[in-house]
Amino acid sequence: MTAGPPSVVLAMYPGLPARLFPPAVADRLRAAAEADLAAPLTDFGTDEARARLERAEVLVTGWGCPPIDEPVLRRAPRLRAVVHAAGSVKGHVGQAVFARGIAVSSAASANALPVAEYTVAMILLTGKSVLALAREYRTRRVDLRLYQGRDGHRDYGDYGNYGRTVGLVGASRIGRRVAELLAPFDLDVLIADPYLDARGARVLGARLVGLDDLFAAADIVSLHAPATDDTAGMVGAARLAAMRDGATLINTARGSLVDQGALVAELATGRLSAVLDVTEPEVVPADSVLWDLPNVILTPHVAGALGNELARLGACAVDEVLLALAGRPLRHPVDPELLAITA
């Protein structure tokens, strides 16, 4: 009697597999393993889950995966890899997984790309004051006299990206990708990260500076640090007050990095602007002034992979599954020793 194909089990929100694994990607997975893409697990405690975990050799996880703890692992004696088709594994992969020697992989690198693209787009748009000028143009419906100088003053020099100073807080996957994407532009890029040295910053086309110096020098500050105990509230009243008049804060990392009360107070003065894809809490209260301030752009956590970008995560995950089934090293392993300082 011949053994059947290896079993790959999905654990994520029910609607995700169809978006993560379009037909061509799904066919690659099905050609190598038995995988039910139509009914991912959302609860590891059911009888069906127990039966599927008993056979599982690889667990492909996504948003909505329940925690994988010791009781779950006891139901999965054949499990050799957990492949996460998204970014951080902190919410569902416990230390028990690593202690058992199970390989863990993440599509964080693939998810970093759309976040970096969103960030660069916002840096360039805010640097040229496109969004603010578009609002003014729609409101006033007149020639804004940008080239003539409004009210008799040649103030159009305030708009543009030539020579702007951009500060990146964190040399994470996303921070590094943002630095790489900014390289072709005439910008002065600063970066602050306690785990980066000056040579590493130069390789990224940036200058390494201290965090306080970055906030004081940059026209645009973009946050790319992980949410940890050390980074909670790192952007407080003092650092916000140190920012240049007219500067912009971009947050695509986590809302917990910013003292929300201090940020609201500073933004309410109109001295600074902000692009906030994440907030604390998320979503901000319905009566928050952030919804109505003209110098604030609020987006609903859209910087990460959405729409057809999810297929990139799925393709990355399938590549990792095939490596795991072949007994080969994963390309995007998660190092448990680094989890405390990474997203």
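Data block above holds the structure.
Residues numbered from 1 in each chain as written. Predicted model: local features only at pLDDT ≥ 70, side-chain atom pairs only at ≥ 80, totals over all residues. Heavy atoms only, no water.

Mapped onto the secondary structure, arginine 164 falls in the loop between α7 (130-140) and β6 (165-169). The side chain of arginine 164 is buried and forms no salt bridge, while aspartate 219, the nearest opposite charge, is found at 4.0 Å. Beyond its immediate chain neighbours, meaning those up to four positions away, arginine 164 contacts Gly127, Asp158, Tyr159, Asp186, Leu187, Asp188 and Asp219. (Helix = DSSP H or I, 4+ residues; strand = E, 2+ residues; numbered from the N terminus. Buried < 20%, exposed > 50% of the residue type's maximum accessible area, 1.4 Å probe, protein only. Lys, Arg positive; Asp, Glu negative; His and termini not counted. Salt bridge = Lys/Arg side-chain N within 4 Å of Asp/Glu carboxyl O. Contact = heavy atoms within 4.5 Å.)

Take the environment of arginine 207 next. The topology assignment puts arginine 207 in strand β8 (residues 207-208). With a relative accessible area of 44%, arginine 207 lands in the partly exposed category. As for arginine 207 and arginine 74, which are separated by 133 residues in sequence, their C-alpha atoms are 49 Å apart. A polar atom in the side chain of arginine 207 sits 2.8 Å from the side chain of aspartate 188. (Polar contact = N/O pair within 3.5 Å; in protein donor to acceptor, adjacent residues only side chain to side chain.)

It is worth spelling out the sheet that holds strand β7 (residues 188-192) at this point. The strand order across the open sheet built from 7 strands is β8-β7-β6-β9-β10-β11-β12, with neighbouring strands paired in parallel fashion. Of all the strands in the sheet, the pair left with one neighbour each is β8 and β12 (296-298). In the sheet, strand β11 (residues 273-276) pairs with β12 via 3 bridges, with the strands oriented parallel. Each residue of the ladder has a partner; that of leucine 276, found in β12, is leucine 298. (Pairing = 2+ DSSP bridges.)

This part takes up helix α13 (residues 310-325). Along its 16 residues, α13 runs 23 Å from first to last C-alpha, staying within 8% of the 22 Å computed at 1.5 Å per residue. For α13, the full list of buried residues reads Leu310, Leu313, Gly314, Cys316, Ala317, Val318, Glu320, Val321, Leu323, Ala324 and Leu325. In the stretch just after α13, glycine 327 is the one whose phi turns positive, near 75°. (Expected span 1.5 Å × (residues − 1).)

Turning to the layout of surface pockets, a few remarks are in order. Considering only enclosed or pocket space, the second largest pocket measures out at about 500 Å³ in volume. Residue lining of the second largest pocket: 28 residues in total, with Ser129, Ala132, Gly246, Thr248 and Ser273 positioned closest to the centre. Contributions of two or more residues to the lining of the second largest pocket are made by α6 (108-127), α7, β11 and β12. Among the residues making up the lining of the second largest pocket, the classes are represented as 13 nonpolar, 8 polar and 7 charged. (1 Å grid on protein atoms, 1.4 Å probe; cavity = no way out; pocket = protein on both sides within 12 Å on 5 of 7 lines; lining within 4 Å. Points joined across faces, edges and corners; volume = space filled by probe spheres on them. Nonpolar A, V, L, I, M, F, W, Y, C, P; charged D, E, K, R; others polar.)

Spatial relationships are all this shows, so hold off on functional conclusions.
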